[in-house]
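Read off the chains here:
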Amino acid sequence: PIDTFSAVVNGERLVIPSRIYERAKTIFKGRDQAEEQMWACWFSRHHNGFVREDCLRFLLRSRELRSFSIPYILKLAEEYVVELAELILSSFAVLPGRALTRFVRENPAWIPLMQQRCRSYWNCYYRNRYSCFEEYPGQLIIKELHTASR
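Let's shift gears to the packing of aromatic side chains. The final tally for this structure, using the stated rule, is ten aromatic pairs. Consider the rings of W39 and F43, whose centres lie 5.9 Å apart with planes at 25 degrees: the pair is stacked. Here the residue W39 and the residue F43 both occupy positions in helix α1 (residues 33-43), the gap between them amounting to four residues, near one helical turn. Judged by centre distance (6.2 Å) and plane angle (20 degrees), the rings of F133 and Y136 are stacked. For the pair shown, F133 and Y136 are each scored as buried.

This part takes up empty space enclosed by the protein. Inspection of every chain in the model, using the stated rule, returns one cavity of 30 Å³ or more. Space inside the largest cavity adds up to approximately 40 Å³. Looking at the largest cavity, the residues that line it are V9, N10, S67, A99, R102, F103 and E106. The element contributing the most residues to the lining of the largest cavity is helix α5 (residues 97-106), with four residues. Split into classes, the residues belonging to the lining of the largest cavity amount to three nonpolar, two polar and two charged.

Right, let's get into the packing of helix α6 (residues 110-126) against helix α7 (residues 137-148). At their nearest, the axes of α6 and α7 sit 9 Å apart, and the two run at 165 degrees to each other. Taken together, the axis directions place α6 and α7 in an arrangement best described as roughly antiparallel. The hand of the α6/α7 crossing is left-handed. Every residue of α7 that contacts α6 at I111, M114, Q115 and C118 is listed here: G138, Q139, I141, I142, L145 and H146. For the contact of α6 with α7, a count of residues per class yields six nonpolar, four polar and no charged.

Let us look at the layout of surface pockets. Volume-wise, the largest pocket comes out at about 230 Å³. Those elements that provide at least two residues to the lining of the largest pocket are β1 (4-9) and α6. In terms of residue count, the dominant contributor to the lining of the largest pocket is α6 (five residues). Broken down by class, the residue content of the lining of the largest pocket amounts to five nonpolar, three polar and seven charged.

What counts, and where the lines are drawn
Residues numbered from 1 in each chain as written. Predicted model: local features only at pLDDT ≥ 70, side-chain atom pairs only at ≥ 80, totals over all residues. Heavy atoms only, no water. Phe/Tyr/Trp six-rings, centres within 6.5 Å; stacked < 30°, edge-to-face > 60°. Helix = DSSP H or I, 4+ residues; strand = E, 2+ residues; numbered from the N terminus. Buried < 20%, exposed > 50% of the residue type's maximum accessible area, 1.4 Å probe, protein only. 1 Å grid on protein atoms, 1.4 Å probe; cavity = no way out; pocket = protein on both sides within 12 Å on 5 of 7 lines; lining within 4 Å. Points joined across faces, edges and corners; volume = space filled by probe spheres on them. Nonpolar A, V, L, I, M, F, W, Y, C, P; charged D, E, K, R; others polar. Axes fitted to C-alpha atoms, helices over the stretch in contact; angles between N-to-C directions. Parallel < 35°, antiparallel > 145°, perpendicular 65-115°, else oblique. Left-handed = near helix turned anticlockwise from the far one by under 90°. Contact = heavy atoms within 4.5 Å.

Written out as C-alpha cells, the structure reads:
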C-alpha cells in the first residue's frame, strides 16, 4: 500500500502520495502549462530530495501557478529538508493569494499539523542553525499563511 495524505482544493479532495519511487522526470513537457505543473507536482513527491527541489523550482517559476499545486508546495515546507522551506519562503509572494486563502479555509487541520511537523524537525535537526523556532523557515511560512488567510 502507498502512504498518502489528502487535501481539499476548490472543494475537491486530492489524495497525494507521500513519496514516489519511480524514475525521475525533470523535464516537464506537457500539452499546456497546467499539465506541466501536474507533472512537477507529482514528482515533487519523489524520494530524491534533489528531484523534489527541481520540481519546486519549476513550480515557483510558473507564470500562472494553479491552485492544485498548493498542497504539494506546502507539504515540502514541512519536511526535513529545510532548504526547500527556505526556497518557498523566499518565493512566497509568487504563490496565488486567493488560492492560499481558500486552501487554508478548506483545510483547517493543515496548519496545526504542519506546525507540529516543523517544530519536530526544527527540534531534531535545526535547533543549532535556528536558535529560536520563530525564525525557522517552516514557522515563518506558517505565519505567512495566517496572514494570507485573513
